Every structure is written in C-alpha cells, then in structure tokens.
Amino acid sequence: MNNIPANEAKISAQAVAAFASTPNPRLRQVVQGLVRHLHAFASEVELTEEEWLEGIRFLTDTGRMCDGAVRQEFILLSDVIGLSMLVDAINHRATETATETTVFGPFYIAGMPERSHGENMAFTPGDQALVVGRVLDAGGEPIANAVLDVWQTAENGMYSGQDPEQPPTNLRGRYRTDATGHFAIRTIMPVSYPIPTDGPVGRLLQASDRHPWRPAHLHFMVMAPGHRTLVTHLFNHDDPYLDSDVVFGVKDSLKVVYQPCQANHALASVHDINGTFRLASYDFVLERETP
Ligand code: BEZ
Ligand code: FE
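As a starting point, this report considers the structure included with it. Given the structure is predicted, the values throughout are model-derived calculations rather than measurements.

1. Remarks on the overall build of the protein
Stage number 1. Looking only at helices and strands, the protein has 7 helices and 12 strands in total.
Stage number 2. Here the protein holds 291 residues, and the buried ones make up 41% of them.
Stage number 3. Within the protein, contacts between residues separated by at least 24 positions form 70% of all contacts whose residues are at least 6 apart in sequence.
Stage number 4. Surface accessibility of the protein: about 15,700 Å² in total, with carbon and sulfur atoms responsible for 56%.
Stage number 5. Across the protein, 22 positive and 35 negative side-chain charges occur, with their mean positions spaced 6 Å apart.

2. Some details on the sheet that holds strand β3 (residues 172–176)
Stage number 1. Pairing in this open sheet of 5 strands is mixed, and the strands run β3-β2-β7-β8-β9 from one edge to the other. Lying at the two open borders of the sheet, with one neighbouring strand each, are β3 and β9 (255–256).
Stage number 2. Taken together, the 2 bridges between strand β8 (residues 230–236) and β9 define a ladder with parallel strand orientation. Bridge pairing links Phe-235 to Lys-255 in β9.

3. A closer look at the coordination of the iron ion (ligand 2)
Stage number 1. Tyr-159 (OH), Tyr-193 (OH), His-217 (NE2) and His-219 (NE2) make up the full set of protein donors to the iron ion (ligand 2), lying at 1.8 to 2.1 Å.
Stage number 2. Coordination at the iron ion (ligand 2) is irregular: its 6 donor atoms span angles of 55 to 166° at the metal.
Stage number 3. One chain supplies every donor to the iron ion (ligand 2), and in sequence these donors are spaced Y-x33-Y-x23-H-x1-H. Across this residue pair, the class does not change: His-217 and His-219 are buried.

4. Observations concerning the packing of aromatic side chains
Stage number 1. This model, assessed by the stated rule, comprises 9 aromatic pairs.
Stage number 2. Ring geometry for Trp-213 versus Tyr-241: centroids 5.2 Å apart, planes at 5°, classification stacked. Of this pair, Trp-213 sits in strand β6 (residues 213–214) while Tyr-241 sits in the loop between β8 and β9, placing them 28 residues apart in sequence.
Stage number 3. Since its relative accessible area comes to 23%, Tyr-241 is described here as partly exposed.
Stage number 4. Among the aromatic residues, ring-to-ring pairing joins Phe-183, Phe-220, Tyr-282 and Phe-284 into one connected group.

5. A short note on helix α2 (residues 25–45)
Stage number 1. The terminal C-alpha atoms of α2 lie 30 Å apart, and with 21 residues this matches the ideal 30 Å at 1.5 Å per residue to within 8%.
Stage number 2. If you check which residues of α2 are buried, you get Gln-32, Gly-33, Val-35 and Ser-43. Within α2, the buried residues cover an arc of 165° as seen down the axis, which keeps them to one side. Exposed residues lying more than 90 degrees from the buried face of α2 are Arg-26, Leu-34, His-37 and Glu-44.
Stage number 3. N-capping of α2 is provided by Asn-24, with a side-chain oxygen placed 2.9 Å from the backbone N of Arg-26.
Stage number 4. At the exit of α2 stands Glu-46, carrying a positive phi of roughly 50°.

6. Describing the packing of helix α3 (residues 49–64) against helix α4 (residues 73–80)
Stage number 1. Where α3 contacts α4, the two axes come as close as 7 Å, and the packing angle between them is 125°. Classified by the angle between their axes, α3 and α4 sit oblique to one another. Counted together, Phe-58, Leu-59, Thr-62 and Gly-63 of α3 and Glu-73, Phe-74 and Leu-77 of α4 form the full contact between these two elements.
Stage number 2. Grouping the constituent residues of the contact of α3 with α4 by class yields 4 nonpolar, 2 polar and 1 charged.

7. Some points on a nonpolar patch on the surface
Stage number 1. A cluster of nonpolar side chains, Leu-34, Leu-38, Phe-41, Val-45, Leu-47, Trp-52, Leu-53 and Ile-56, forms an exposed patch at the surface whose accessible area comes to about 720 Å².
Stage number 2. Listed by contribution, the elements that provide at least two residues to the nonpolar patch are α2 and α3.
Stage number 3. Take the nonpolar patch: its biggest share by element is 4 residues, from α2.
Stage number 4. By the secondary structure assignment, Leu-34 is in helix α2.

What counts and what doesn't
- Residues numbered from 1 in each chain as written.
- Chains lettered and ligands numbered in written order.
- Predicted model: local features only at pLDDT ≥ 70, side-chain atom pairs only at ≥ 80, totals over all residues.
- Heavy atoms only, no water.
- Helix = DSSP H or I, 4+ residues; strand = E, 2+ residues; numbered from the N terminus.
- Buried < 20%, exposed > 50% of the residue type's maximum accessible area, 1.4 Å probe, protein only.
- Contact = heavy atoms within 4.5 Å.
- Areas by Shrake-Rupley, 256 points an atom, 1.4 Å probe, with all protein chains shown as cover.
- Lys, Arg positive; Asp, Glu negative; His and termini not counted.
- Charge placed at Lys NZ, Arg CZ, Asp CG, Glu CD.
- Pairing = 2+ DSSP bridges.
- Donors = N, O, S within 2.8 Å, 3.2 Å for Na, K, Ca; no water.
- Tetrahedral: all angles 85-135°; square planar, octahedral: opposite > 155°, others 65-115°.
- Phe/Tyr/Trp six-rings, centres within 6.5 Å; stacked < 30°, edge-to-face > 60°.
- Expected span 1.5 Å × (residues − 1).
- Arc of directions from axis to C-beta.
- Polar contact = N/O pair within 3.5 Å; in protein donor to acceptor, adjacent residues only side chain to side chain.
- Axes fitted to C-alpha atoms, helices over the stretch in contact; angles between N-to-C directions.
- Parallel < 35°, antiparallel > 145°, perpendicular 65-115°, else oblique.
- Nonpolar A, V, L, I, M, F, W, Y, C, P; charged D, E, K, R; others polar.
- Patch = residues over 30% accessible without salt bridge, like charges linked within 9 Å, V, L, I, M, F, W, Y side chains within 5 Å.
- Salt bridge = Lys/Arg side-chain N within 4 Å of Asp/Glu carboxyl O.

Okay, here's the thing in structure tokens:
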C-alpha cells in the first residue's frame, strides 16, 4: 500500500516521537527504528485484528517454548527468518583474509572438557572422521594454543543436551592448537538434521511449505588472545541441503571434502584409528581484535 491515510500516519509519527527523549542515543535509534518499521509493516500488509492477535499468540507460544537451557525458540525463529545471518553479516563485514562466520545456533554448551590433540569426542556410533588443520593469524602465521570449541550432532541428528540418551559431553569438546598451530579432532561424520519442529517455528515452516533441514556440519568457536573470536561451521561439501539450509548459514568458503582413507593411512597410526576413516583438512584464519 503506497498512500497511508493521514490518521494512520499520524499514529505512527506519534508513536515514534514518544521515544524521542530516550536518553541513551543508541537505544533511541533502535527503538524508534523498530517502531517505525513495525508500523510500516502493518500498514503495508493492512494487518487485520485477527492477524494481529494471531501474531501475539505466536510470539507468546514462542516464549513458552524457551526453557532457559537447551531450547531457545526465539533464536530458532530469528534463524529461520534469516535475521541471525543478517546480524552476523552486519557485524562481520568481509575482511580480505579471515575465515567467514556463520550462525551460532542454539545448541552450544559452555564448559565442555578440554581434549588432547586427536582425542576422540564421539561416544556414539558413526563413520569415523578426522578433522585436521591450523589456526592462523591474518598474516598467515600459525597461532599456538588457540582454543577450538567444537560441537556436532550424533548420527540421530540430535545434540547432547537435546537427547537424554547421549552422554552430556558426547560430540563436544575444547581442543587446542600445538606449538605449530595445528589441531586434530577425532569424531564421526556430521550428518544433516532437521531443526526442532514441535513448536511454533515448526508450524511456521509447515505453513510456508519449507523443509526444516540443515546440511551436515561441524560447529566451531575458535579463540586466541588478541584475536576476534570466530564462530563458524565446516559443511560437508556434498550435502543435499547445502542450497536450501533452513537457516541460510552456508558459505562456499566453509565447504570441506572428507576424503576416504584406508586403515593404513599414515594418520591412522598417529591417532590410533582402527579401520577406514574420512579425513578433512581446514585452516582457520582469525582477525586481529580491534581495540
Ligand atoms: C545448529 O546448527 O545447531 C542450528 C542453527 C540454527 C538453528 C538450529 C540449529
Ligand atoms: Fe548444528
């Protein structure tokens, strides 16, 4: 709708102006922008009273679905409408060299065990995998003692914490780079999985004829003193959902190939791996922290 009737435009202008004296200038900018855009949205779609009430019910249900621990339906909502990736893009405008970021997701758990170089973080079955690489600074120099906090789902597509059958530390852990900046993570092959659909976000996806799947990935939070913390994933390069990730998180630079390796591969003996496995290699590049 192009021409907003004068009485409606007046309500919108009054609501924006009501926040004009907000002492914190950033809060003023954010709240006034939010009110202005929400009013413009309601005018554009000519929101009915029933739709307004349905929206209130939807947001109320979304809040009720949050448990303060593992389930965060509001983050899920932000993710499926692309807002999380937009905020990520605004806050990580491309640098020449640093590894690209992607969505954090709601399933990170802090305080997971420190794991040694090459330690296996999988306590549930799956196809054996080894992920190796380095953490580098923007100049290409290796960073020793960087921390890589890693998490992924089990083969059933669920994270520990979501799934009471899994040990709490399953497929989670904090690895460190060695003196030459190298890391090695023993795990199982990541699988594609659906995000939770038993709440209002699932209803929204269904009503919109959208699938709930994320392509197979491994989550990383990479930290080193003096550097900006990197939150990203590595995606299996051949996953069928790469082009339709329900949360819009895929970037080409984050796709990795897991090469099939025989049991006699040199790294099998280094890391005590029995049988065949898959090997992925990736170097993460951290930006310098801006003061
Ligand atoms: C995840 O990858 O863990 C995730 C990200 C966004 C929404 C749901 C799950
Ligand atoms: Fe995930």
